[in-house]
Amino acid sequence: ARDAITDGPPEDSAALAARTGLTLRPLSALASAVDSLISGGTPLHTLRDVRPYGGSVDSLTRGAAFTAELRRRAPSPVLRSADAQLDSLRARKSDAELALIRRAADVTSDALRETIARIRPGMPEYEIQARIEYGFRSRGADRPGFATNVSAGANATVVHHRASSDVAHAGALVLMDVGAAWQGYTADVTRTVPASGRFTPAQRT
């Protein structure tokens, strides 16, 4: 494809056209351009919105709204989803991508080890969370890759519990489901440790 739509200012569009060799048209021309393709029988492929950090896809984004309206006017087979093809491409990682994932995992593991060594009975969940996230950022991570889950005691039975002011009492377990994001790639590590430093026989089992 040598044609693209942009909603940037004209000076940015000119620079983008020069850099990419694309013919650019304003966003206001999108609907008529798509209608022209549909009337000519050209198959169109759509991609769902990428989920933003820390949340779900917003059904009211401009892209989602445009696609929903388009589906009402141009049902398949003219309008096809390319989500499966994109997912298959994302499942295969290049050596460069694998290196980024390994770096995210290393940062996550190092921050977790450092935090685990400092957990003491009576420490609030939010403090443990803060120590983990400080460990991410102090090692150069972009941010947490998802909401940091720190669950003490019975809170660990709540799926995706968010760290609160509840404390890790002596004898309780602390579950941490965390991951650092490194240049767009995220680790995901879960560890459960005793707040008092040693597992009881039942906890170890």
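Everything discussed here concerns the structure shown above.
Residues numbered from 1 in each chain as written. Predicted model: local features only at pLDDT ≥ 70, side-chain atom pairs only at ≥ 80, totals over all residues. Heavy atoms only, no water.

Draft legend 1. Spotlight on the packing of aromatic side chains. Enumeration over the complete set of coordinates arrives at 0 aromatic pairs. Over the aromatic face of Trp 182 sits the side chain of Arg 103, whose NZ or CZ is 4.8 Å from the ring centroid. (Phe/Tyr/Trp six-rings, centres within 6.5 Å; stacked < 30°, edge-to-face > 60°. Lys NZ or Arg CZ within 6 Å of the ring centre and 35° of its normal.)

Draft legend 2. Expanded view of the environment of Asn 155. Considering the arrangement of structural elements, one finds Asn 155 in the loop between β7 (149–152) and β8 (167–168). Overall, Asn 155 belongs to the buried group, its relative accessible area being 15%. Considering only alpha carbons, one finds Asn 155 and Ala 168, 13 residues apart in sequence, at a separation of 9.9 Å. Residues within four places of Asn 155 in sequence aside, it is in contact with Glu 125, His 161, Ser 164 and Asp 166. Within the structure, the side chain of Asn 155 is placed 2.9 Å from the side chain of Asp 166, a separation counted as a polar contact. (Helix = DSSP H or I, 4+ residues; strand = E, 2+ residues; numbered from the N terminus. Buried < 20%, exposed > 50% of the residue type's maximum accessible area, 1.4 Å probe, protein only. Contact = heavy atoms within 4.5 Å. Polar contact = N/O pair within 3.5 Å; in protein donor to acceptor, adjacent residues only side chain to side chain.)

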